[in-house]
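For reference, the chains in residue letters:
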Amino acid sequence: MEEPTLSAMEAFEKLEKVGEGTYGKVYRAREKATGKIVALKKTRLHEDDEGVPSTTLREISLLRMLSKDPHIVRLMDVKQGQNKEGKTVLYLVFEYMDTDLKKYIRSYRANPQPIPSQNVKSLMYQLCKGVTFCHAHGVLHRDLKPHNLLMDRKTMMLKIADLGLARAFTLPIKKYTHEILTLWYRAPEVLLGATHYSTAVDIWSVACIFAELVTKQPLFPGDSELQQLLHIFRLLGTPNETMWPGVSKLINWHEYPQWSPKKLSTAVPEMDEQGLDLLAKMLRYEPSQRISAKQAMEHPYFDDLDKSCL
């Protein structure tokens, strides 16, 4: 990474703090040279590192490569700086998007109208397309949720954010006491303590987001890992070795209350047949049986979507 001529603080004017990510503060900022609005993500590095560790540089070049895809938020630049204690901080400069899916869904909540089904379909298709691109490059997101899906309300363009940083910055900043890390989109194999997991963890999250776009409410709103599992089991049935070979060997497996599976339409009554079929294929218990993002894009649910503009 070349030494920048201007420090991040000279090159940008911070406008306001727009969020506190797991790995640092995020600001809306204006690039002084061009007047362009960007999102500036400030990240601390590991305490004991001299300079920037090679793993972080690898992550950043991976992020740069991934951000060529139109459905992944673009990393425009990386600047290095020092904080007050003289520790190295990195500023990642991303394109700025005006809203995210969490805010978009919330804006419809007060409204008796559902989110228009073509909007749901377009957003879902773009999400599957972005996830397909990540998975094709061997990258799992691991934390897909509406808050991490940025969008432009005017064009209905969706972009995946907060990608790949999970491994570079393994030192999350302290979570606020009132903000619990959301488990709502977490796959059952992760909740049950699987150590080796696959691209299927992201598909589970995509399914939960799909249902939420249709009902405007989270599908499995658990407030602890146990509650999260019970929400899932109540709808999909308590898993067993027949439904999911190997499940009882997972480290967090216990004897759970026995529920039989319900129809998905009971949880998502507004969803059409094709949508329910796709949702069912994404919510398979056995990770290897879950539909892939690429297969999902080819599902008949998307047949009547005009893909030329995407």
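Residues numbered from 1 in each chain as written. Predicted model: local features only at pLDDT ≥ 70, side-chain atom pairs only at ≥ 80, totals over all residues. Heavy atoms only, no water.

Looking at an unreviewed UniProt entry, one finds the protein named Protein kinase domain-containing protein, with Kalanchoe fedtschenkoi as its source organism. Heading Sequence similarities (unreviewed entry) of the UniProt record for the protein holds this comment: "Belongs to the protein kinase superfamily. CMGC Ser/Thr protein kinase family. CDC2/CDKX subfamily." (UniProt positions renumbered as here; feature names shortened; annotations may be inferred.)

1. Examining the pattern of salt bridges
Per the counting criterion, the structure on display carries twelve salt bridges. Lysine 41 is the salt-bridge partner of aspartate 162, the closest N and O atoms lying 2.3 Å from each other. Within this pair, whereas aspartate 162 is found in the loop between β8 (157-160) and α5 (165-168), its partner lysine 41 is found in strand β3 (residues 37-44), the two being separated by 121 residues in sequence. For aspartate 162, a relative accessible area of 26% gives the class partly exposed. Exposure remark for lysine 41: the relative accessible area of 10% places this residue in the buried category. Of the charged contacts in the structure, one is a salt bridge between arginine 64 and aspartate 77, with a shortest N-O distance of 3.7 Å. (Salt bridge = Lys/Arg side-chain N within 4 Å of Asp/Glu carboxyl O. Helix = DSSP H or I, 4+ residues; strand = E, 2+ residues; numbered from the N terminus. Buried < 20%, exposed > 50% of the residue type's maximum accessible area, 1.4 Å probe, protein only.)

2. Some words on the packing of aromatic side chains
The tally for this structure, following the rule as stated, stands at ten aromatic pairs. Note on tyrosine 104 and tyrosine 108: the rings are 5.3 Å apart at their centroids and 70° apart in plane angle, and the pair reads as edge-to-face. Taken together, the residues tyrosine 104 and tyrosine 108, both in helix α3 (residues 101-109) and four residues apart, mark about one turn of the helix. Judged by its relative accessible area of 15%, tyrosine 108 falls in the buried class. Note on tyrosine 125 and phenylalanine 302: the rings are 5.2 Å apart at their centroids and 70° apart in plane angle, and the pair reads as edge-to-face. (Phe/Tyr/Trp six-rings, centres within 6.5 Å; stacked < 30°, edge-to-face > 60°.)

3. Examining the pairing of strand β2 (residues 24-31)
Where β2 meets β3, five bridges bridge the pair, whose relative direction is antiparallel. Along β3, the bridge assignment pairs alanine 29 with valine 38. The hairpin formed by β2 and β3 contains five residues between the paired strands, and glycine 35 there has a positive phi angle of roughly 80°. (Pairing = 2+ DSSP bridges.)

4. Considering the nonpolar core
By size, the foremost hydrophobic cluster in this structure holds 82 residues, and its most contacted members are Leu101, Met124 and Met282. Top contributing element to this core by residue count: helix α7 (residues 200-215), with eleven residues. If we skip the residues at most four places from it in the chain, methionine 124 touches Val206, Phe210, Leu213, Met282 and Phe302. In terms of nonpolar packing, the next biggest core, distinct from the first, is built from nine residues, Ala29, Val38, Leu40 and Val93 among them. (Core = buried A, V, L, I, M, F, W, Y, C linked by side-chain atoms within 4.5 Å. Contact = heavy atoms within 4.5 Å.)

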